[in-house]
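# Coordinate inspection notes
What follows is the residue order along each chain.
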Amino acid sequence: MNKIERLAFVINATKSGAVELADLLAAVAQNHGVTVRMTQDYPIEAGFLEGQDACCVVGGDGTLLSVVPESVSWNIPVFGINRGKLGFLATYSVQEAQDEFENILQGDYCIVNRSILECDTKDGERSLALNDAVIKSADVSRLIGLRVKCGDDLVTDYYSDGIIFSTPTGSTAYNLSSGGPIVMPDASVLTMTPVCPHTLTNRSLVFSGNTELSVELLESAGNPFLTLDGSQRFHGEHHFPFKIKICKKALPLLQPHTYSHFRILRKKLKWGNAEDSNS
Ligand SMILES: NC(=O)c1ccc[n+]([C@@H]2O[C@H](COP(=O)([O-])OP(=O)(O)OC[C@H]3O[C@@H](n4cnc5c(N)ncnc54)[C@H](O)[C@@H]3O)[C@@H](O)[C@H]2O)c1
Ligand SMILES: Nc1ncnc2c1ncn2[C@@H]1O[C@H](COP(=O)(O)OP(=O)(O)OP(=O)(O)O)[C@@H](O)[C@H]1O
């Protein structure tokens, strides 16, 4: 791949050691003639990634999720160094980052495109999500009634705690906790998983990647809301119905050539007795 000549750092300064690590890596980059820009803003300012060759996120998965709209908008590859808890998306450990940083700057990396969701609310707001779009009621003790259509075709009506619409990347997040399938990140699909549906038969559905779903509110359930990647929220009935599909654009994710999704699954989900599941 191309050498990195302009590198942006997005730092979650609330994470211990994040600022120091970013300063260290920035100094390495500058010694290699790389132009560096840094921010601790959350979320980052619109336009921050314009003209950059890559974006290095120092924080946890939430920090990486927060740069997704900006990265997609300018098509800037992102990689994350984990200073958070899990680091499922921010997959470089501090040690790996320090060992591999100069190679990355020299172009020794690959880019994979991760599909993202595009959500259009009734009032015309469009938002993107790398993981998921989740609809729930703010009144946690009430069911929410939602009607899902696939194009013009009725899927069914759900009475549940909510519904999670997930990308393959997001399949290992809230979707997984709610019994949804783990999906390989390069699959062109969109999953839908009801949270505690009040029926014996509703399960996750996997739709093809060119599906457009629409979601209607069946009855007022006390302040319904839509959350994208766990942060951006749309409160209220006036946003319904809204539409969800896989976006034509994707998130370019920078990975080492040695990246193995199964290794990440084994390690982060503590799978089985594989030798590397706890390392
Ligand atoms: N019960 C749950 O599991 C639950 C509830 C709410 C939100 N979430 C998830 O949290 C995500 C937002 O993450 P955050 O870090 O900003 O909030 P957070 O700090 O509340 O993180 C929730 C956990 O999800 C992990 N996570 C995030 N993306 C992931 C992915 N693609 N695969 C596997 N694990 C992932 C994070 O590392 C963290 O441990 C949302 O997109 C949603 O999927 C999960
Ligand atoms: N640059 C930032 N500055 C301050 N706060 C941030 C920044 N980026 C994200 N945050 C907030 O900090 C929260 C936690 O950060 P993050 O998700 O990165 O760490 P974590 O939850 O410990 O890690 P992980 O998600 O990998 O388990 C985010 O959900 C978000 O609210």
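Residues numbered from 1 in each chain as written. Chains lettered and ligands numbered in written order. Predicted model: local features only at pLDDT ≥ 70, side-chain atom pairs only at ≥ 80, totals over all residues. Heavy atoms only, no water.

An unreviewed UniProt entry annotates the protein chain as NAD kinase originating from Rubellicoccus peritrichatus. Annotation of the protein chain in UniProt includes, under Function (unreviewed entry), the sentence "Involved in the regulation of the intracellular balance of NAD and NADP, and is a key enzyme in the biosynthesis of NADP. Catalyzes specifically the phosphorylation on 2'-hydroxyl of the adenosine moiety of NAD to yield NADP." Here is the UniProt Catalytic activity (unreviewed entry) comment for the protein chain, exactly as written: "NAD(+) + ATP = ADP + NADP(+) + H(+)". (UniProt positions renumbered as here; feature names shortened; annotations may be inferred.)

Time to look at the site of ligand 1. Neighbouring ligand 1 are 15 residues, the closest being Asp61, Asn131, Asp132, Thr172 and Ser177. Across the complex, the protein chains shield 66% of the 770 Å² of accessible surface that ligand 1 would expose by itself. Counting residues per element, the ones that place at least two in the shell around ligand 1 are α2 (61-66) and α5 (174-177). Top contributing element to the shell around ligand 1 by residue count: α2, with three residues. Classifying every residue of the shell around ligand 1 gives six nonpolar, six polar and three charged. When residues of the shell around ligand 1 are assigned to domains, at least three map to each of domain 1 (6-109 + 256-268) and domain 2 (117-248). (Near = heavy atom within 4 Å. Areas by Shrake-Rupley, 256 points an atom, 1.4 Å probe, with all protein chains shown as cover. Helix = DSSP H or I, 4+ residues; strand = E, 2+ residues; numbered from the N terminus. Nonpolar A, V, L, I, M, F, W, Y, C, P; charged D, E, K, R; others polar. Domains from an automatic or database assignment.)

What surrounds ligand 2 is a group of 15 residues, the closest being Lys15, Gly60, Asp61, Gly62 and Thr63. Contact distances for ligand 2 include 3.1 Å between a nitrogen atom and a backbone N or O atom of Ile11. One of the side-chain nitrogen or oxygen atoms of Lys85 is found 3.1 Å away from an oxygen atom of ligand 2. For ligand 2, whose unbound accessible area comes to 620 Å², protein coverage reaches 74%. Among the elements that take part in the shell around ligand 2, α2 stands out by supplying three residues, more than any other. Taken together, the residues of the shell around ligand 2 sort by class into three nonpolar, eight polar and four charged. (Polar contact = N/O pair within 3.5 Å; in protein donor to acceptor, adjacent residues only side chain to side chain.)

Counting residues in hydrophobic clusters, the biggest one holds 24 residues, and the most contacted among them are Ile4, Leu7, Phe9, Phe79, Phe101 and Leu254. Every element with two or more residues in this core is listed here: β1 (6-11), α1 (18-31), β3 (54-59), β4 (78-82) and α4 (94-105). Examining the composition of this core, we find that six residues originate from one element, α1, more than from any other. Look past the residues within four positions of Phe79 in its chain and what remains in contact with it is Leu7, Cys55, Cys56, Val57, Leu64, Tyr92, Phe101, Ile104 and Leu254. Core analysis: the second largest hydrophobic core is formed by 23 residues, Ile144, Met192, Phe207 and Ile246 among them. (Core = buried A, V, L, I, M, F, W, Y, C linked by side-chain atoms within 4.5 Å. Buried < 20%, exposed > 50% of the residue type's maximum accessible area, 1.4 Å probe, protein only. Contact = heavy atoms within 4.5 Å.)

Let us now look at the environment of Asn103. If you trace the backbone, Asn103 turns up in helix α4. With a relative accessible area of 38%, Asn103 lands in the partly exposed category. Sequence separation between Asn103 and Lys3 is 100 residues, and the spatial gap between their C-alpha atoms is 9.2 Å.

Another point: α1. For α1, which comprises 14 residues, the first-to-last C-alpha distance of 20 Å matches the rise-based estimate of 20 Å (1.5 Å per residue) to within 8%. Taken together, the buried residues of α1 touch β1, β2 (35-39), β3, β4 and α4. (Expected span 1.5 Å × (residues − 1).)

Our focus in this paragraph is the UniProt feature "binding site: NAD(+)" (unreviewed entry) in the protein chain. Listed under "binding site: NAD(+)" (unreviewed entry) in the UniProt record, and renumbered for this structure, are Asp61, Gly62, Asn131, Asp132, Arg142, Asp161, Thr172, Ala173, Tyr174, Asn175, Leu176 and Ser177. Judged by maximum C-alpha separation, these annotated positions cover 117 residues in sequence and are scattered in space, the widest gap reaching 30.0 Å. As for its position among the elements, Asp61 is in helix α2. Residue class for Asp61 comes out buried when judged on its relative accessible area of 17%.

What follows is about the state of the cysteines. When the sulfur atoms of two cysteines share a covalent bond, that bond is a disulfide. According to the stated counting rule, one finds zero disulfides in the structure shown. No disulfide involves Cys150; its sulfur sits 15 Å from the nearest other cysteine sulfur, which is in Cys119. Cys150 sits in the partly exposed class, given a relative accessible area of 28%. (Disulfide = S-S within 2.5 Å.)

Secondary-structure assignment places Cys247 in strand β16 (residues 242-255). In the structure, Cys247 is positioned 201 residues away from Ala46 in sequence and 20 Å away in space, judged by C-alpha atoms.

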